[in-house]
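Next come the chains, spelled out residue by residue.
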Amino acid sequence: MATIADSDVSGGDAELTPVPQPVVVVDGAINEKPEAVEVDGTDQADQEEDDGKKKKKKKKGKKDKKEKPKTVAYPLLFKFAGPLQLVLILVAAVCSLAHGALNPIMVIFMGDAIDKFGPDTDPDKMKSAVAKVALKMVYVGIGAGAAALLQNALFMITGEMQASTMRRRYLKSVLRQDMGWHDVNESGVLTARIASDIQKVQDAISEKVGQFLQYTSMFITGFIVGFCYDWKMSLVLTACTPALIVAGGIVGAVTGKMTARVQNAYGAAGGVAGEVISCIRTVSAFGGERAETDRYGSTLRASLRAGLVQAHAQGLGFAFMFFVMFSSYALAFWYGSVRVRSGAMTAGEVLIVFIAVLMGSASIGQAATPMGSMSAGRGAAYHIFKVIARVPEIDSESTDGVKPETIEGRIELKDIQFCYPSRPEAQILRGLSLTVEPGKTLALVGGSGCGKSTVIGLLERFYNPISGTITLDGTELNQFNIKWLRNQIGIVTQEPVLFACSIAQNIARGMHGEATMKDIKRAAKAANAHNFIKLIPSGYDTLVGERGAQLSGGQKQRIAIARALIKDPKILLLDEATSALDTESERIVQRALEKASAGRTTIVIAHRLTTIRKADTIAVIDQGVVVEIGTHESLVREHGHYFQLLSKQGLIEEDEVKEQEQEQEQEQEEEPMEELSLAPASSGALSASSGAAESGQGDDEYDDDEGAPPRRFTARWWLRALRKFSVLPPHSVFRAFWMNIPEWYWIIIAAVAAVGNGAVFPGFALVLAKMTTILLTKTGHELKQEARYYAGYFIAIAVGAFFTFYIYTAFSATSGEILTNRMRKKAFRSITRQDMGWFDKPENMTGVLTATLATDATKVQGATGQRLGTMLQILSCITAGLIIALVSCWQLALAVIACVPAMIFGVYIEVNSNTGFAEKFKKAYSKSSTIMCEAVSNIKTVVTLTLEDVMLKEYVHELAKPHRSGIKTGFLVGFGTCISEFAFCSINALSYWYGSKLITEGKADFEKMMIASMAVMFGAMALGNIASYSPDYGKAKVACKQIFALFDRHPLIDIVSDSGLKPAEVRGEIGFRKARFSYPSRRHVPVLRGFDLTVPAGKTVALVGSSGCGKSTCVALLERFYDVLGGEVTFDGTDVRQMNIGWLRGQIGLVSQEPTLFSTTIGDNIAYGKPGATQDEIEAAARAANAHDFIAALPQGYATPVGEKGAQLSGGQKQRIAIARALVRNPRVLLLDEATSALDAESERVVQDALDRASAGRTTIVIAHRLSTIRNADIIVGVEKGVVVEQGTHHELMARRGLYYRLASDQQQAAH
């Protein structure tokens, strides 16, 4: 048996042949015309139109809404099946056809048995004849069981195999796409599709296919049997079939169309969820939980509307189908009575034709459900296949291009014109020309947004220039193999990205994970990282958390430098590589980089001009062109742009001052000792204790009407009331039902209708038995009258079936859709309220949580909504059937009921196997989702390090685990189906054989025997229907467990809680009293060890010290991202733990070292700091942050989209917007954690002046490595190893010659 592990990552089964352009099969036709990429619901081309074309845009938008949802031709869904899988699919298909055909064949034996009960038949001969027929029924049961076993097992197994291949191919294609494509396709949307859309495609190619083929075979065989026995009666029944086909077609079409709309709507919601969860610290700091929940909820509305339309359309379609079916029964038996009276047919033959054609007709309706799943799969596959088929212009998977044995490293850029594909109206480079000689170092300097980092992106071939040429050793870059080219380059970016693995694995990824421990340590030493790593208890095996969350900014930067150095690159690109380091570390790492640059072509981008003095060439870029170029000395003599930048940084001083400072210089070749702790800039807090998690306090989540008095009879009211009496298990499926209580009117009406609809089938069994008895025992006029009478009952049943089926289907599906929407929003609320430590756990990484939102809330509907109606219908059917059977012939009823446990046993195996299968898949897919989300969200780092294959192998490795268990589970499910099928046929055989025995003994007559037999048979059929929903129910049980555990978790630091003090007056005095702290994920590693500090109200306090000493931890504790383990943190003399958390954060404005922006507009990002801010307030904050000028220069101004995580802006531009976001809320306390680290000299000076003004009258805590920015602070605090070692003013600390003096001296030495 082939498994996904057998597939090669680079090849695999059924590889899709690349095509020159994105080729998508739409409704069987090839669409080769590339489509415009949509951004926020409108075409990118539309966004570029001027104001004079708004009317045309509106008309086009309306037209687009009416366009038919795009789908993939169904046969192409199997394109990822390998040869072995195709053979297994063929075997499964044959078994499905056989399974479907055996049901009408079973009817033939039933008809034969009925004819043996004729009034003139000798009792002994009758008993013998019926026994022979019953034995044939048992043989049919054996065949049906074997066919069902292979059908279910093989389709489930091959479906998982294909889905695994599809997931692999999808991720592989996403990772190969160019950056221009990623700029307009959010990672959250891409990961949501792999979590939800591929699951729908899997449904469409696995057991649903078997069901469809089974019902199709039943349809064909049923009509063949019917026409063979009597073509006239079959023709009469067939007249009703077109109506059934039309109804089934409508159901399938509507389901596919609505599903496509639902998926498109949730794609946007998934993007919002991924963005918010990955930026949860920023969301929490600015109190954006409620706003983000509202934003997420608004994106779900379209999905809900489509689901409600789908519910009513399906209800009407199914109801009409059953109305036509039952009405045809009346016509069938009336005409059958005519044929019997004429002597053309016997009663048994009438029953054979009737049930056979009935099965054939009913199978059309039954096929509607798998058809709906297949249609949904076609719609979901469109986007998946479109991505898989897309061949990018810059293709990292291409094997084309030259791969020279050696390179010199001469780089030349000639007249480069460039603008980002997502913003073609904003030109970045305007004829830039540069040359870097082999082995030399070129430094690029200039203001933020001038195009420095863009040059790096072009050299890495993230993009191609619009015009001009870039050459390496005289050969254009586009002539080289793309992976070979990137392997020649080592890069360290301004915002380093680490992967959620160990330190050693992160460094080794610079060599694709193939480095030895010796190589890893060598690179770590070169990056000044070895000492702090070896002092951590787990050393190089320490897990860094998601995006390196367990490390400080400086520690992350050094790991990233080590990762770049380990592969000994020919070309080194350093984009603010030391921006996050303290002065001492920067000096040593800078020397290491200078040493590493020897003999390499190096391009350096730096705002700290002290780090690039020794560069061979310095180029000054302004507005996309080189305005000055030369050495440091020559540019200083020219007194031009570079001289002005030096002057703004205070680096042009008198010679005697330089000599005095040079005398103080002391060379320190050894590395500085590092703090033991891992002081994360963005790590989390410990999860709540199990007692809190189980307490049920998680029901106090905020909702849309928070602040209003609690309403009675809401879902929350019922949950609280029920939990008081321990009625509701914490993770049960029934709890999901209770969450539907607000829709009680829908549920009650649907439940009543379901009960009534369930009684339809026992009523039908009763009338069918009566009609059969009439056909067998009555003749002439009496037969005619009785036949008309009971035909009227069939019409009544048809009318009742129409209304009850529509009501219960539409109303229960409506309540289910509303429940899904509610659970998604509540799950999102529960996620955003959690403390930071919860997000640090591997099982709660962004990829896992977005997958939970995408799938679990939907899976819960597999046990609620329409499934609730189905279960009530089955229960009603079984109850009514048993009552009718026991009243008619209790002996036969009991005998048959005694065999029913065998069928229940088969169903039990099937349901429990699916449940276990779903739970294992949930765990395994959560791991693979984490890998996939990490790879996609950090795509630039992945492609820079050419880690596409590495990430893909890790992803495939995780996919292999559920696949292997899926083979075993598939056979278990098939075995359960086998038992239930065999038991069903055997029960029928038993009922006829034992019924003949009872008639022979005079204990029953034919009519009673038929009523009891038919009633039990239809009850058993209803019980068997549970199995058809078992995959959904199994997944629902697992989803309930996951999602309710999330609902019930009550975080220790709860943003939702209304408790806590909200002082009317705020002074802004902050205090740390013997604060002790270690991060929950590193409890054994202390960070603060008795930290004492008082920050007077309205004063500015600066924290200085080496990376990892605990500075950023103080900011996190003040924001109450965590709580201290000992001591206290106070605000105006009150312990912050006694204050309302929302009120406390509302008094604080935070600018972090790595600013996070949301994928909205610039204006919206600034307004995030103050919901409802006016345009004047937004612009005032932007001016204060020195951002207004560059924003106003953009074509769309404040309406310019910033891209995912601000990707469309430079680092300095992002930082200024983040500062504006903090200032717009006019906070009482300002926290600046390296707030100007990403700014150029001019911007830093202006922004620093703005921050100085903003700090006036406010309590301000500043963390800065550039000591020149905090010279004027009221108090400067030296922090070392988690304690305050000194504090005072700049002059006091310089005179004391302690920690601050050493740091300042090192910085002065580095400046010269």
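Residues numbered from 1 in each chain as written. Predicted model: local features only at pLDDT ≥ 70, side-chain atom pairs only at ≥ 80, totals over all residues. Heavy atoms only, no water.

**Details of the overall build of the protein**
Phase 1 of the analysis: If you tally the helices and strands in the protein, you get 45 helices and 24 strands.
Phase 2 of the analysis: The proportion of buried residues among the 1312 residues of the protein is 61%.
Phase 3 of the analysis: A sequence separation of at least 24 residues applies to 82% of the contacts in the protein between residues at least 6 apart.
Phase 4 of the analysis: Of the roughly 49000 Å² that the protein leaves accessible, carbon and sulfur atoms contribute 56%. (Helix = DSSP H or I, 4+ residues; strand = E, 2+ residues; numbered from the N terminus. Buried < 20%, exposed > 50% of the residue type's maximum accessible area, 1.4 Å probe, protein only. Contact = heavy atoms within 4.5 Å. Areas by Shrake-Rupley, 256 points an atom, 1.4 Å probe, with all protein chains shown as cover.)

**Let's talk about the sheet that holds strand β9 (residues 475-476)**
Phase 1 of the analysis: Strand order across the open sheet formed by 4 strands is β6-β5-β8-β9, with antiparallel pairing between neighbours. With partners counted over all chains shown, the strands left at the sheet margins are β6 (427-436) and β9, one partner each.
Phase 2 of the analysis: Pairing between strand β5 (residues 411-419) and strand β8 (residues 467-472): 5 bridges, direction antiparallel. By the bridge assignment, Glu412 is partnered in β8 with Thr471. (Pairing = 2+ DSSP bridges.)

**Some points on the sheet that holds strand β19 (residues 1134-1135)**
Phase 1 of the analysis: If you walk across this open sheet you meet the 4 strands as β16-β15-β18-β19, and the pairing is antiparallel. One side of each edge strand has no neighbouring strand; the edge strands of this open sheet are β16 (1088-1095) and β19.
Phase 2 of the analysis: For strand β15 (residues 1070-1077) and strand β18 (residues 1126-1131), the ladder comprises 5 bridges, and the chain directions are antiparallel. Paired with Ile1070 across the bridge in β18 is Phe1131.

**Some points on the state of the cysteines**
Phase 1 of the analysis: Tallied over the entire structure, the rule returns 0 disulfides.
Phase 2 of the analysis: With no disulfide of its own, Cys1114 lies 8.1 Å from the sulfur of Cys1109, the closest cysteine sulfur.
Phase 3 of the analysis: Since its relative accessible area comes to 4%, Cys1114 is described here as buried. (Disulfide = S-S within 2.5 Å.)

**Some thoughts on helix α8 (residues 231-238)**
Helical geometry: 3.6 residues make up each α-helical turn, so side chains three or four residues apart lie on a common side.
Phase 1 of the analysis: Listed in full, the buried residues belonging to α8 are Met233, Ser234, Val236 and Leu237. Looking down the long axis of α8, one finds its buried residues gathered within 155° of arc, a one-sided arrangement. (Arc of directions from axis to C-beta.)

**Details of the side chain of Ser1078**
Phase 1 of the analysis: On the secondary structure map, Ser1078 appears in the loop between β15 and β16.
Phase 2 of the analysis: Those residues within four positions of Ser1078 in sequence are excluded, and the remaining contacts are Arg1083, Val1085, Pro1086, Val1087 and Leu1125.

**Concerning the environment of Gln1138**
Phase 1 of the analysis: Of note, Gln1138 is situated in the loop between β19 and α38 (1141-1146).
Phase 2 of the analysis: Separated by 76 residues in sequence, Gln1138 and Lys1062 have C-alpha atoms that sit 9.5 Å apart.
Phase 3 of the analysis: Once residues within four sequence positions are removed from consideration, Gln1138 is found in contact with Gly1060 and Leu1061.

**Focus: a nonpolar patch on the surface**
Phase 1 of the analysis: There is a patch of nonpolar side chains on the surface, built from Phe320, Phe323, Ile795, Val799 and Phe803 and spanning about 410 Å² of accessible area.
Phase 2 of the analysis: Those elements that place two or more of their residues in the nonpolar patch are α11 (289-341) and α28 (780-832).
Phase 3 of the analysis: As for its position among the elements, Phe320 is in helix α11.
Phase 4 of the analysis: Overall, the relative accessible area of 35% leaves Phe320 in the partly exposed class. (Patch = residues over 30% accessible without salt bridge, like charges linked within 9 Å, V, L, I, M, F, W, Y side chains within 5 Å. Salt bridge = Lys/Arg side-chain N within 4 Å of Asp/Glu carboxyl O.)

**A look at the packing of helix α3 (residues 83-115) against helix α4 (residues 123-176)**
Describing two packed helices takes the angle between their axes plus the distance from one axis to the other.
Phase 1 of the analysis: As a packed pair, α3 and α4 sit with axes 7 Å apart at the nearest point and diverge in direction by 155°. Here α4 runs roughly antiparallel to α3, going by the angle between their axes. Considering only the axes of α3 and α4, their crossing is left-handed.
Phase 2 of the analysis: Partitioned by chemical class, the residues of the contact of α3 with α4 number 24 nonpolar, 7 polar and 2 charged. (Axes fitted to C-alpha atoms, helices over the stretch in contact; angles between N-to-C directions. Parallel < 35°, antiparallel > 145°, perpendicular 65-115°, else oblique. Left-handed = near helix turned anticlockwise from the far one by under 90°. Nonpolar A, V, L, I, M, F, W, Y, C, P; charged D, E, K, R; others polar.)

**So, the pattern of salt bridges**
Phase 1 of the analysis: Under the defined criterion, the tally for this structure stands at 24 salt bridges.
Phase 2 of the analysis: Residues Glu397 and Lys483 are paired through a salt bridge, measuring 3.5 Å at the closest nitrogen-oxygen approach. In this pair, Glu397 is assigned in the loop between α13 (368-389) and β5 and Lys483 in helix α15 (residues 482-487), connecting sequence segments 86 residues apart.
Phase 3 of the analysis: A salt bridge links Lys1003 to Glu1001; its shortest N-O distance comes to 3.5 Å.

**Brief notes about the packing of aromatic side chains**
Phase 1 of the analysis: Under the criterion given, the structure shown has 33 aromatic pairs.
Phase 2 of the analysis: A ring pair is formed by Tyr296 and Phe828, whose centres lie 4.4 Å apart and whose planes are at 10°; its orientation type is stacked. Here the residue Tyr296 occupies a position in helix α11, and Phe828 occupies one in helix α28, the gap between them amounting to 532 residues.
Phase 3 of the analysis: Accessibility expressed as a relative area gives 0% for Tyr296, which makes it buried.
Phase 4 of the analysis: For Phe828, a relative accessible area of 0% gives the class buried.
Phase 5 of the analysis: Through a chain of ring-to-ring contacts, three or more aromatic side chains come together here, namely Phe326, Phe333, Phe354, Phe761, Phe764 and Phe794.
Phase 6 of the analysis: Against the face of Phe499 rests Arg509, its NZ or CZ located 4.9 Å from the ring centre. (Phe/Tyr/Trp six-rings, centres within 6.5 Å; stacked < 30°, edge-to-face > 60°. Lys NZ or Arg CZ within 6 Å of the ring centre and 35° of its normal.)

**Description of the packing of α11 against α28**
Phase 1 of the analysis: Running from N to C, α11 and α28 point in directions that differ by 170°, and their axes come no closer than 8 Å. By the angle between their directions, the pair α11 and α28 is classed as roughly antiparallel.
Phase 2 of the analysis: Looking at side-chain class alone, the contact of α11 with α28 contains 34 nonpolar, 15 polar and 9 charged residues.

**Describing the environment of Arg600**
Phase 1 of the analysis: By secondary structure assignment, the location of Arg600 is in the loop between α20 (583-597) and β12 (601-605).
Phase 2 of the analysis: Accessibility expressed as a relative area gives 12% for Arg600, which makes it buried.
Phase 3 of the analysis: Along the chain, Arg600 and Glu437 lie 163 residues apart, while their C-alpha atoms are 9.7 Å from each other.
Phase 4 of the analysis: Excluding residues within four positions of it along the chain, Arg600 makes contact with Gly439, Lys440, Asp568, Pro569 and Lys570.
Phase 5 of the analysis: Of note is the side chain of Arg600, whose polar atom sits 2.4 Å from the backbone oxygen of Pro569. (Polar contact = N/O pair within 3.5 Å; in protein donor to acceptor, adjacent residues only side chain to side chain.)

**Looking at unusual backbone geometry**
Phase 1 of the analysis: One non-glycine residue, Arg1120, lies in positive phi territory at about 60°.
Phase 2 of the analysis: Mapped onto the elements, Arg1120 comes out in the loop between α37 (1111-1118) and β18.

**Here's the deal with the pairing of strand β22 (residues 1259-1263)**
Phase 1 of the analysis: Summarising burial for β22: 5 of the 5 residues are buried, a large majority.
Phase 2 of the analysis: Burial along β22 is two-sided: Thr1259, Ile1261 and Ile1263 facing one way and Thr1260 and Val1262 facing the other are all buried.
Phase 3 of the analysis: As paired strands, strand β21 (residues 1229-1233) and β22 are joined by 5 bridges and run parallel to one another. Following the sheet pairing, Val1229 is matched in β22 by Thr1259.

**A short note on the nonpolar core**
Phase 1 of the analysis: Membership of the largest hydrophobic core comes to 95 residues, with the highest contact counts inside it found for Met137, Met233, Phe326, Phe333, Phe354, Phe764 and Tyr992.
Phase 2 of the analysis: Top contributing element to this core by residue count: helix α27 (residues 744-777), with 13 residues.
Phase 3 of the analysis: Look past the residues within four positions of Met137 in its chain and what remains in contact with it is Met106, Phe109, Met110, Ala113, Cys985, Asn988, Ala989 and Tyr992.
Phase 4 of the analysis: In this structure, Phe80, Leu190, Cys450 and Val455 belong to the second largest nonpolar core, which totals 85 residues. (Core = buried A, V, L, I, M, F, W, Y, C linked by side-chain atoms within 4.5 Å.)

**Brief notes about the confidence of the model for the protein**
Phase 1 of the analysis: Here the protein averages 77 in pLDDT, and 80% of its residues register 70 or above.
Phase 2 of the analysis: Residue range residues 1-66 is modelled with pLDDT below 50. Its contacts to residues more than four positions away, or to other chains, number 108 contacts.
Phase 3 of the analysis: Throughout residues 653-713 the model reports pLDDT below 50, and contacts reaching past four residues in sequence, or to other chains, amount to 163 contacts. (pLDDT = per-residue confidence, 0-100.)

**A word on the environment of Phe212**
Phase 1 of the analysis: Here Phe212 is to be found in helix α7 (residues 207-229).
Phase 2 of the analysis: Taking relative accessible area as the criterion, Phe212 reaches 24% and is therefore assigned partly exposed.
Phase 3 of the analysis: Dropping the residues within four chain positions of it, Phe212 is found in contact with Ala367, Pro370, Met371 and Met374.

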